[in-house]
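An overview of the molecular structure
Listed here are the chains, written in short residue letters.
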Amino acid sequence: MTTLLLSHQICVRHEMPGSPESPARLEAIEQALQSEQFSSLQREDCPQARKDHIALAHGGDYIDAICDLTPEKGYFAIDGDTTLCPHSYEAAMKAAGGAVRAVDAVMSGEVNNAFCAVRPPGHHATKHQAMGFCLFNNAAIAALHARKQHGAERLAVIDFDVHHGNGTQDIFWDEPDMFYGSTHQMPLYPGTGAVSETGAGNIVNTPLKSGADGAKIKEAFNDRLLPALFDFSPDLIVISAGFDAHIDDPLAGLRLTTQDFRWLTLKLAEFADNHCDGRVVSLLEGGYDLRALGDCVATHVDVLLDAGL
Ligand SMILES: [Zn+2]
C-alpha cells in the first residue's frame, strides 16, 4: 500500500491579491514532490465535493452564500484576509472533495494514508463564517465524513499549524466523539486556543509562546497531546498540516525546523500504526515561506510514504 497524494489545478487558480496564501505555495509543493523518491505516490486529482459533504460541517445556506458571493470577474473581500476570485468556490469544492476522497481511500484500505496539497485551507472556517484565508473546513469535513460514511466512531484532528484552528474547534465544540488537539502560538491570530477552551472535554489546546522551538512543541506533544489522543482512542487521525510554525515563516514567531516537522509526522504516524491501523489523512493548512514549505511538505510526505511500506 502506498500514500495517496491529492491536488487539483483549480486550487492554483484561486488567488487573493497581495495575500501570502498564494498560488505559488502549491507550485512550491508540486516542485518539491517531483523528485524520484516520490515516484511511488498514488497521485490523483481531487474530485468535486458534494454539497452534502460540506453540509456536514457547515449549513446548506452557508455553502450557497459562498457560491453566491463568488464574483464572475474581479474579487469579493469577505474580510481583510479572505477574498473570493472567480475560481474560489470551485477550488474550495475541490479542496473539500480531496479531503473526502482521502478519507474514502484510507478508510477502505485502498491506501495506507493520504496527503491533500490543496487550497484554500480550512481550519479557520467556522460553522457559519469564512475567515483567515479559509472557506470550507476541510479537516472537519473529512472527520465528519469518516463518521457518516464509514462508521468510524471516534475521529481526531491534530493541528500543528502555528495558528489556532478556531473553526475546527467551533464545529467540534459539542461533539464528544470528535477530538481536536492543537499546538499554536498564542497570542496570535485568531485569538482563540486557550487551555481553558475544552468543549465537551474533547478539545486539548496547547498554546506556545512566540520564540518557542522544537523542544517546546515536542514537550507539548509528549506531555499533553499524545496522552490525550491515547485516552480518546481514535479510529482515524486527520492532520491539519500547517507549516507556518517554521523558523523561516514570515507570519509567526515559532522556531521549528524542517526536522521538527519530521518528528511531529513520525510521532503521529507511529501513533496511528499502533492504535488505528495506520489510518492518517493529512490536509495542507498554512506555511508561507515557499522554500520552507516545499521542504517541510517533502519531509512530511516522505514519513507518510515510509509509514505505508
Ligand atoms: Zn496558519
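Read on for a plain summary of the structure. (Residues numbered from 1 in each chain as written. Predicted model: local features only at pLDDT ≥ 70, side-chain atom pairs only at ≥ 80, totals over all residues. Heavy atoms only, no water.)

1. Topic: the pairing of strand E6 (residues 155–159)
When you tally the buried positions in E6, you get five out of five residues, the bulk of the element. The side-chain alternation of E6 yields two buried faces, one formed by Leu155, Val157 and Asp159 and the other by Ala156 and Ile158. In this sheet, strand E7 (residues 178–185) lies alongside E6 in parallel orientation, the contact comprising five bridges. Counted as the bridge partner of alanine 156 is phenylalanine 179 from E7. Summarising the sheet, E6 and strand E9 (residues 236–241) pair through five bridges and their orientation is parallel. Along E9, the bridge assignment pairs alanine 156 with isoleucine 237. (Buried < 20%, exposed > 50% of the residue type's maximum accessible area, 1.4 Å probe, protein only. Helix = DSSP H or I, 4+ residues; strand = E, 2+ residues; numbered from the N terminus. Pairing = 2+ DSSP bridges.)

2. What about the packing of helix H9 (residues 258–275) against helix H10 (residues 290–307)?
Where H9 meets H10, the axes come as close as 9 Å, and the angle between the chain directions of the two elements is 30 degrees. Between H9 and H10, the crossing angle belongs to the class labelled roughly parallel. At the point where H9 passes H10, the crossing takes the right-handed sense. Residue-level contacts link Thr258, Phe261, Arg262, Thr265, Leu266 and Ala269 of H9 to Asp295, Cys296, Thr299, His300, Asp302, Val303, Leu304 and Ala307 of H10. When the residues that make up the contact of H9 with H10 are grouped by side-chain class, the tally is seven nonpolar, four polar and three charged. (Axes fitted to C-alpha atoms, helices over the stretch in contact; angles between N-to-C directions. Parallel < 35°, antiparallel > 145°, perpendicular 65-115°, else oblique. Left-handed = near helix turned anticlockwise from the far one by under 90°. Contact = heavy atoms within 4.5 Å. Nonpolar A, V, L, I, M, F, W, Y, C, P; charged D, E, K, R; others polar.)

3. Topic: the coordination of the zinc ion
Ideal values differ by geometry: the angle at a metal is 109.5 degrees with four tetrahedral donors, but 90 or 180 degrees with six octahedral donors. Looking at the zinc ion, the protein donor atoms are Asp161 (OD), Asp161 (OD), His163 (ND1) and Asp244 (OD), and they sit 2.0 to 2.8 Å from it. When the donor residues of the zinc ion are listed from N- to C-terminus, their spacing reads D-x1-H-x80-D. A residue pair is termed long-range when its members are at least 10 positions apart, and histidine 163 in the loop between E6 and helix H7 (166–172) and aspartate 244 in the loop between E9 and H9 qualify at 81 residues. (Donors = N, O, S within 2.8 Å, 3.2 Å for Na, K, Ca; no water.)

All quantities given are derived from atomic positions and should not be read as evidence of function.
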